[in-house]
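The residues making up each chain are set out below.
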Amino acid sequence: MPVITYRDALNQALREEMQRDDRVFLMGEEVAVYQGAYKVSKGLLQEFGEMRVVDTPITELGFAGVGVGAAMVGLRPIIEFMTWNFAVLALDQVLNSASKLLYMSGGQFNVPIVFRGPNGAALQLSAQHSQSFESWLAHMPGVKVLTPGTPYDAKGLLKSAIRDDNPVCFLEGEMLYNTKGEVPEEEYLIPIGKADLKREGDACSIITSGKMALVAMQAADQLAKDGIHVDVVDLRTVRPMDVEAIKTSVEKTNRAVVLEEGWEICGIGTQVVDYIQRDCFDVLDAPVIRVHQADVPMPYAKNLERAAKPDAAKTIAAIRKVMYLD
Amino acid sequence: MAKKKSDQSKSASDPTLNLDLLRSMLLQRRFEERCAEAYALGKIGGFCHLYIGQEAVSTGTLSLLRPDDYIITTYRDHGQALARGMAPRSVMAELFGRIDGCARGKGGSMHMFDKSLNFLGGHGIVGAHVPLATGVGFAIKYRGGDQVCICFMGESVVNTGAFHEALNMAGLWKLPVVYVIENNRYGMGTALERASAIHDIFERGASYNIPRAVCDGQDVFAVRTAAQEAIDRARTDSLPTLLEVRTYRFMGHSMSDAVSGTYRTKAELDEYMKRDPIALLRVHMHENNELSDEDLQKLDEEMKAVCQDAWDFADKSPEPPLEALFEDVLVDTTSDATAEPVAAD
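Residues numbered from 1 in each chain as written. Chains lettered and ligands numbered in written order. Predicted model: local features only at pLDDT ≥ 70, side-chain atom pairs only at ≥ 80, totals over all residues.

S.K.: How do you make sense of the nonpolar core when you look at a structure like this?
M.R.: Soluble globular proteins tend to bury their nonpolar side chains together. By size, the foremost hydrophobic cluster in this structure holds 199 residues, and its most contacted members are A:Ile206, B:Val136, B:Cys151 and B:Val178. Not counting the four nearest positions on each side in its chain, B:Val136 is found in contact with A:Gly69, A:Ala70, A:Val73, B:Tyr70, B:Ile72, B:Leu120 and B:Cys149. (Core = buried A, V, L, I, M, F, W, Y, C linked by C-beta atoms within 7 Å. Buried ≥ 20, exposed ≤ 12 C-beta atoms within 10 Å, placed from the backbone. Contact = placed C-beta atoms within 7 Å.)

Here it is as C-alpha cells:
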C-alpha cells in the first residue's frame, strides 16, 4: 500500500471529488495561485480552473457566507480557512446560517458545505494561532465535526464530508500535514460518526480524537514496553460522537483517560466523561481523568508552550494514576 | 430624479399592470394590519417587524423578476414574501407557529422561506444574509446562467462588516446581484445620520466599483424604473448594483416600540405618511381614469377577504407535532455517499 503524507491524502480527496462532481468547488485564501498556504490544494487550479479553485480576499466572514449562499442554490462548496483561528470571524455564518437554515426553513434548504482548515497548536505560534475549536463547533446542532488524525482517515473522511448534504466542519492540523501513513490506491470512504480502535489493550482506554490520536499512540507504545496495553479509541468524528465505541472499550478496560488538545472547561472531554458516567458507571474501577491544554492562552516560549500542551508523558501519568500505579 | 422617472412612466401608464401593483401593495398592507391585530391577541409571538409604508419597494422590485430569479432578505420579510407570490395562508400559518406554515412553524416572522419561489429566506442577523446573496450570484455565474439575485436590506446593514465584505467580492468578481437598500431612515431607533459617516448610502458603491443609484421608494414607478436598470445590468452584463431606495416605515421597528415620540417625532411621521405608496398609486390611477372608487372598494374588500381566509386557515392549522422538534436538524445522507455524481448545470 502506498505511503503518503496527510497533505497529499487531502489533496487526493479534493481532486477525486472535484473530478466526480462538477458542483464541488474550493474557495479560500491562497488556495489557487499560491497553491494553498499549506499546499493542500497544489495543482488544483491547473486542473480545474479559476471558477472552481477560487482565491478570495482576506474576508473570512464574507467568503464563508458566499459558500453558504452557493450551497443553498445547489453547489457544493469547500471553504478553506487558513486556520480555524481565523474562522472565528466567520463563525456567524457557520452558527447562524449554515447550521440553522434547514431547521428554520422547515426542511426546505439544506446546506451541503465543508468548512476545513488546520486546527489547534503548531509550534511557537503563541496565543492567537494555537487554538482548538472542536468543542466550540461541536456545541451546535446542525453541523458535523470531523477530526481526522491520519492520512488514511483524512482522505476517507474528507470524501465523505464533501458528499454529505449537511454542513461539515473538518479540522486538520498544521503538524499533521507532513505525517505519513498508508493510503490505498483504490477508492474508499470512511463513514462519518464511526470511531476507530487504533490500539488494543485491556488495561485502560484512551478516548481521544484528531491530532491527539498520535499522542495517544506514542503513550500506548511506551506503556507497552512496561507491559501495559491500552485501548486507543480515536473518535475521528466528535459530532456525532460514536458513543457505542466508547462504551465497548470502557466496559472492557474499566478505566478511561480522555485526551484532547483544547482547554478543559466545556471541552470535548467533558462530553465524553458524561457519556461514560451515564453508560459505564457500574463498570468503572477508577474516576476518569482528563488530559488537555493548560487553562491559559498558549504562550510563545518553548518551555512554557511544552508545559501547556497535552503530550504523551502527561497521558502516561494519567493512565498510571487511574491504574493506581503511582 | 425620481419625479422625472415617474413622469416618464406615467406617459406609458398601463392600467392592467397598475392594478396588479396596487393589488400586491394592498395585500401586504391589509395582511400586516391583521398581523398587528393577531400579535395583540397573542396569536403571533416573538419578534414581529412590520413593513407598512415600504410596500412600493417589494412590489416595485419583485414585479420585474422571472420565476427562476432569487430573492433573499432580512427579518422584515412578510411584505416581500407576499409580493413574490407566497400564499398568504402559508405566511400567516407560519406567523401563528402552525404546521401549515411555510417553515412548518419552525421559523416564525423573521424566517419566511419558499424554495419553489426561490425565496431564500428572511434572515435575522443584521448583515449576515448579504454574503449569502453574493454566494447566490457566484452560483449563477458558476453555472453560466442569466438569473438575478435581489438582496433586500435596511440602511443600517451598510455599517456591518458582512456588507462590506460581500459587496467587495461582488464588485471584484462581477456578480449578478442587485443589493437593494431600503433606507427607511432608522436602524431600530438610531437615525441614519447618527450611525453612518456617509448619508448618501448609494455612494458606498464607489468603494467596491459597483454601479449605484438612488430612487424614491414611495413611488412604485420610480422603484420599477431604477430596479429595471439594475436587473438588466445583472442579467445582461453580470454586474452588481447598489440601489438605495428611500422609504419610510409607518410602524415601529417591531411590535414593542412606540410608532413615534422617542427617536422620531409625530410631525415627521405625519409628513411621511402623506406619501403613502398605496395612496400615491391610487391617485395616479384615479387621475388616469384607471380606477373608480367602486373598483378600489371592491379590490380592498377582496384583499381583506384573502387576509381573513389566511387568518382562519392559520387559526385552524394544528400546532407542529412534538416529533417535529427533532426533525430537519440534519438531512439524512446515509444513501448519498454512493450516489451518482451530478453536473453543475
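S.K.: What am I meant to see in the interface of chain A and chain B here?
M.R.: The parts lose accessible area when they come together, and the size of an interface is often stated as this lost area. Contacts between the two partners involve 40 residues from chain A and, on the opposite side, 40 residues from chain B. Counting only elements with at least two residues in the side of chain A that touches chain B, the list comes to α3 (60-72), α5 (91-98), α6 (101-104) and α8 (151-163) of chain A. Take the side of chain A that touches chain B: its biggest share by element is nine residues, from α3(A). Class assignment for the residues of the side of chain A that touches chain B results in 15 nonpolar, 17 polar and eight charged. (Helix = DSSP H or I, 4+ residues; strand = E, 2+ residues; numbered from the N terminus. Nonpolar A, V, L, I, M, F, W, Y, C, P; charged D, E, K, R; others polar.)

S.K.: Help me understand the environment of A:Phe48, please; the structure alone is not making it clear to me.
M.R.: All names here are of chain A. Tracing the sequence through the fold places Phe-48 in helix α2 (residues 44-48). Once the C-alpha coordinates of Phe-48 and Asp-22 are considered, the two residues, 26 residues apart in sequence, prove to be 9.7 Å apart. Setting aside residues up to four positions removed in sequence, Phe-48 forms contacts with Met-18 and Val-53.

S.K.: Could you clarify how one ought to interpret unusual backbone geometry in this entry?
M.R.: Residues apart from glycine generally show negative phi values, whereas peptide bonds are mostly found in trans. Residue and element names in this part refer to chain A. For the bond running from Arg-239 to Pro-240, omega is -5°, close enough to zero to count as cis. On the secondary structure map, Pro-240 appears in the loop between β12 (237-239) and α10 (243-253). One non-glycine residue, Arg-236, adopts positive backbone phi at about 65°. Residue Arg-236 is classed as buried on the basis of its C-beta count, with 29 C-beta atoms lying within 10 Å.

S.K.: Would you take a moment to explain the sheet that holds strand β4 (residues 76-80) of chain A for this structure?
M.R.: Across a sheet, strands are paired by hydrogen bonds formed along the backbone, either parallel or antiparallel in direction. Residue and element names in this part refer to chain A. Taken in spatial order, the seven strands make up an open sheet running β3-β2-β4-β5-β7-β6-β12, and their pairing is mixed. Only two strands of the sheet have a single neighbouring strand rather than two, namely β3 (53-55) and β12. Recorded for the sheet is a direction-independent mean angle of 20° between the axes of neighbouring strands. Two strands pair when backbone bridges link them, and strand β5 (residues 114-118) and strand β7 (residues 168-172) are joined in this way by five bridges, in the parallel orientation. Within the sheet, the bridge partner assigned to Arg-116 lies in β7 and is Phe-170. Lying over the sheet, α8 contacts β2 (24-28), β4, β5, β6 (144-146) and β7, oriented at roughly 160° with respect to β7. (Pairing = 2+ DSSP bridges. Axes fitted to C-alpha atoms, helices over the stretch in contact; angles between N-to-C directions.)

S.K.: What is the right way to read helix α10 (residues 277-287) of chain B from this model?
M.R.: One turn of the α-helix equals 3.6 residues, which is why residues spaced by three or four share an orientation. The set of residues buried in α10(B) consists of B:Pro277, B:Ile278, B:Leu280, B:Leu281, B:Arg282, B:His284 and B:Met285. Note on α10(B): the residue one or two positions beyond its end, B:Asn289, has a positive phi of about 55°.

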